Every structure is written in C-alpha cells, then in structure tokens.
Amino acid sequence: MAKSPEKIFESLDFTSLPEKSLVSLIKRDDLQMREVEIWEHVLKWVLEKNPTLLPDPTTWSDNDFNMIENTLQHFLPLIRFFSLSSDEFIQKVHPYKKLLKHQLYEELLNSHLNSNSEPNDNILLPRYRNIDGIIDSKIVNLNIASMISRWIDNDIKSKFAYVRELYLPYEFKLLLRGSRDGFTPKKFHELCDDKLCTVTFIKIKETEEIIGGYNPLKWKTSHDDYGEWGETKDSFIFSFKNKDNFKESILSRVNDASYALFYHNRFGPTFGESDIDIRVLPENNSKEYDYCLCQQESYEKEIIDTEGVFSIEDYEVFQILKRSDD
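Since we're looking at a predicted model, the values are computed, not measured.

**Remarks on the sheet that holds strand 4 (residues 228-230)**
Within a beta sheet, neighbouring strands are joined by backbone hydrogen bonds and run either parallel or antiparallel to one another.
Thinking step 1. With respect to topology, 3 strands assemble into an open sheet ordered 4-7-8, the strand pairing being antiparallel. Both outer strands of the open sheet, strand 4 and strand 8 (270-271), are each paired with one neighbouring strand and no more.
Thinking step 2. Across 3 bridges, the pairing between strand 4 and strand 7 (residues 261-263) is antiparallel. The partner of glutamate 228 across the bridge, within strand 7, is tyrosine 263.

In structure tokens, the structure reads:
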C-alpha cells in the first residue's frame with residue numbers, strides 16, 4: 001500500500017477506511033505520495049466523518065473547527081507540513097489555520113517568510129520517494145540528489161530547504177562508479193572527460209561521511225607537469241554526515257574562481273588547491289588513488305574535520321541532465 005497508495009487513496013471506498021489503517025499508512029516514511037496530496041486526502045476522509053459540514057472552511061464556526069480538530073488529532077502530528085511549498089502552504093493549509101496549534105502555525109509561517117528562521121529538531125523530514133530515472137547510486141539517496149539540485153539552481157531560499165519536498169529537475173546519469181570501474185585517474189578521465197556539468201560523490205572509508213563537488217565545466221586530461229587550472233564561479237563542494245543525514249550538510253562555494261578545478265593525468269576529480277584532492281603520487285596514471293586530501297583553500301568553508309589523508313570506500317561521478325518531462 002505504501003508503494004502504490006493510489007490504489008487506496010483514489011478508491012471509491014477510501015473514506016470508509018478505518019482510522020487505525022489510515023494512521024498507520026501516513027506514519028510511513030516511504031509513503032509514495034506528495035505531502036499536499038496526503039493532506040488533501042486526510043481532509044476528505046475527515047469531512048466524510050462530519051457530513052453536516054460544508055467543504056469550505058470559511059463557513060465553519062469555532063465549534064466546527066474544534067470538532068474537526070478532534071477528528072484529526074491522530075493525523076495532524078504525522079503530516080509533514082514543513083515539506084509543503086509556499087504556494088501549497090498558503091492555498092492548502094492557511095485556510096485551516098485554526099486546526100493547527102498556534103506555535104506550529106507561526107513556525108510554518110516563519111519558515112516561508114523569514115529567511116533567518118531556524119528549523120527545530122522535531123520537524124519530520126521529507127518522505128523517502130522512489131522515483132525511477134533520477135539517480136542510480138550506491139552512495140546517496142534522492143534526498144541528497146534534491147539538495148544538490150537546489151544548490152545547482154541556487155534554490156536555497158531559507159534554512160528549511162532540507163525539509164521541503166524533493167526538488168528533482170535533473171537526471172543524474174552515472175558515468176563512473178569506483179567499485180565497478182576501478183579507482184584510477186586513467187579510468188576517471190576515460191569515462192568523465194569532456195562531459196559538462198558533473199557531480200562527484202565520495203564515501204570516506206571507515207566513516208559514513210560523504211564529500212563531493214559540482215563541476216559546471218568539463219573535466220579534461222592535462223599532461224603538463226604542473227597541471228592546469230579550471231576557472232569558474234559556479235562550482236561548489238559539499239559534505240554530508242551520512243546518506244540519511246542531510247540536515248547537517250555543508251555547502252562551500254568557490255571563493256577563488258581561478259583555482260576552482262584542477263586537471264592532471266594523475267588526478268581524479270579535484271576541486272581547488274587542496275579542497276578535494278584525489279590523486280596517485282607516482283608517475284603512473286594506471287595505479288589506484290593513494291593520496292586523498294580535503295583541506296580548505298580555494299572554497300569558502302572546510303567541509304570535514306578529518307585531518308591529513310583519507311581513503312575512499314567508493315566514489316561516483318554523474319552527469320547532470322535536465323529531465324525531459326520538465
């Protein structure tokens with residue numbers, strides 16, 4: 001039912017579903033529905049239980065609101081109101097503001113109007129959606145793909161971005177996976193050179209941490225002893241504590257565009273002077289990476305606390321393509 005909820009929610013007997021069954025469905029993190037649709041269906045179910053009321057909340061008295069709130073008491077804490085867009089909030093929640101606790105409503109309002117408003121720790125995160133054709137990754141999930149897409153489009157309007165519903169205007173086309181294709185700069189350049197707009201995800205060995213970066217330009221091979229710099233103001237690097245913890249993500253945009261990217265036949269995807277530095281030390285570009293460093297130089301912020309070199313458990317490089325249905 002969680003995988004194909006339309007069979008339940010769009011059925012003719014949806015409103016006769018027992019409360020306990022509907023609550024158990026709405027509790028699920030993997031319910032494959034948009035949050036605004038869940039809210040609309042819950043209201044439909046509640047109105048069916050109160051047939052004397054008109055659907056228009058502007059016609060309801062305070063007693064009517066109290067009656068509906070009582071019917072909704074087991075549902076309201078399960079609706080992820082913070083996942084809704086500003087338009088959805090104004091159109092679908094604001095007319096029912098009397099159903100919500102005053103503090104919750106004020107926090108919701110602030111999340112849309114006040115860019116400095118901070119989310120609290122009790123906010124339910126977006127549901128895990130399974131949308132085919134977006135990303136095939138062993139390292140990250142759709143929530144992280146959504147955050148990366150927002151960062152690419154500079155669509156971060158508030159500190160609540162990570163709790164909003166998934167933003168997926170792009171397809172992430174897999175170019176390379178270390179565990180499948182190998183961990184050599186030779187293979188990286190063979191599979192990823194000359195591809196515009198790529199994102200790299202690196203899982204650090206013996207931790208759950210994920211680091212990576214976005215390159216709006218093409219990767220290329222330089223055989224110059226000193227390598228070659230790629231200049232752009234639109235690249236960024238990032239980190240996540242693990243694939244399920246996108247609240248504590250760090251975004252670091254380039255602050256020295258002249259040193260945004262580095263190309264060399266002995267280096268993998270390298271950002272800044274040492275911000276993300278992946279290479280082999282000897283003059284043999286078929287050997288696996290043996291030097292990986294993450295040290296703030298050319299980008300705004302340090303993205304991990306790890307000092308010195310680290311080892312890679314796996315890494316993936318994707319090309320970012322606009323989805324054909326957008």
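**Let's talk about the domain arrangement of the chain**
Thinking step 1. Here the chain is partitioned into domain 1 (5-113) and domain 2 (142-322).
Thinking step 2. A C-alpha centroid distance of 40 Å is found between domain 1 and domain 2.
Thinking step 3. Each side of the interface is counted separately: domain 1 has 8 residues, and domain 2 has 5 residues.
Thinking step 4. Where domain 1 abuts domain 2, roughly 570 Å² becomes buried across the two surfaces, and 39% of that area is made up of carbon and sulfur atoms.
Thinking step 5. Ranking the residues of domain 1 by area buried against domain 2 places Phe82, Ser83 and Ser111 at the top, with a combined share of 71%.
Thinking step 6. Connecting domain 1 to domain 2 are 1 salt bridge.

**Remarks on the packing of aromatic side chains**
Thinking step 1. Within the structure shown, the criterion is met by 25 aromatic pairs.
Thinking step 2. Taking the centre distance of 6.0 Å and the plane angle of 40° together, the rings of tryptophan 151 and phenylalanine 238 count as tilted. Of this pair, tryptophan 151 sits in helix 7 (residues 142-152) while phenylalanine 238 sits in strand 5 (residues 236-240), and the two are 87 residues apart along the sequence. You'll find tryptophan 151 and phenylalanine 238 in the same group, each marked buried.

**So, the environment of lysine 287**
Thinking step 1. Among the secondary structure elements, lysine 287 is positioned in the loop between strand 9 (277-279) and strand 10 (291-293).
Thinking step 2. In terms of polar contacts, lysine 287 uses its side chain to reach the side chain of aspartate 290, at 3.2 Å.

**Some details on the pattern of salt bridges**
Thinking step 1. Here the structure, examined in full by the defined rule, presents 18 salt bridges.
Thinking step 2. Sharing partners across several salt bridges, the network here consists of Arg34, Glu88 and Glu165.

**Focus on the environment of isoleucine 134**
Thinking step 1. Here isoleucine 134 lies in the loop between helix 6 (102-113) and helix 7.
Thinking step 2. Since its relative accessible area comes to 1%, isoleucine 134 is described here as buried.
Thinking step 3. It is 5.8 Å that separates the C-alpha atoms of isoleucine 134 and phenylalanine 172, two residues lying 38 residues apart in sequence.

Calculation criteria
Residues numbered from 1 in each chain as written. Predicted model: local features only at pLDDT ≥ 70, side-chain atom pairs only at ≥ 80, totals over all residues. Heavy atoms only, no water. Pairing = 2+ DSSP bridges. Helix = DSSP H or I, 4+ residues; strand = E, 2+ residues; numbered from the N terminus. Domains from an automatic or database assignment. Contact = heavy atoms within 4.5 Å. Buried area = accessible area lost by both parts, 1.4 Å probe. Salt bridge = Lys/Arg side-chain N within 4 Å of Asp/Glu carboxyl O. Phe/Tyr/Trp six-rings, centres within 6.5 Å; stacked < 30°, edge-to-face > 60°. Buried < 20%, exposed > 50% of the residue type's maximum accessible area, 1.4 Å probe, protein only. Polar contact = N/O pair within 3.5 Å; in protein donor to acceptor, adjacent residues only side chain to side chain.

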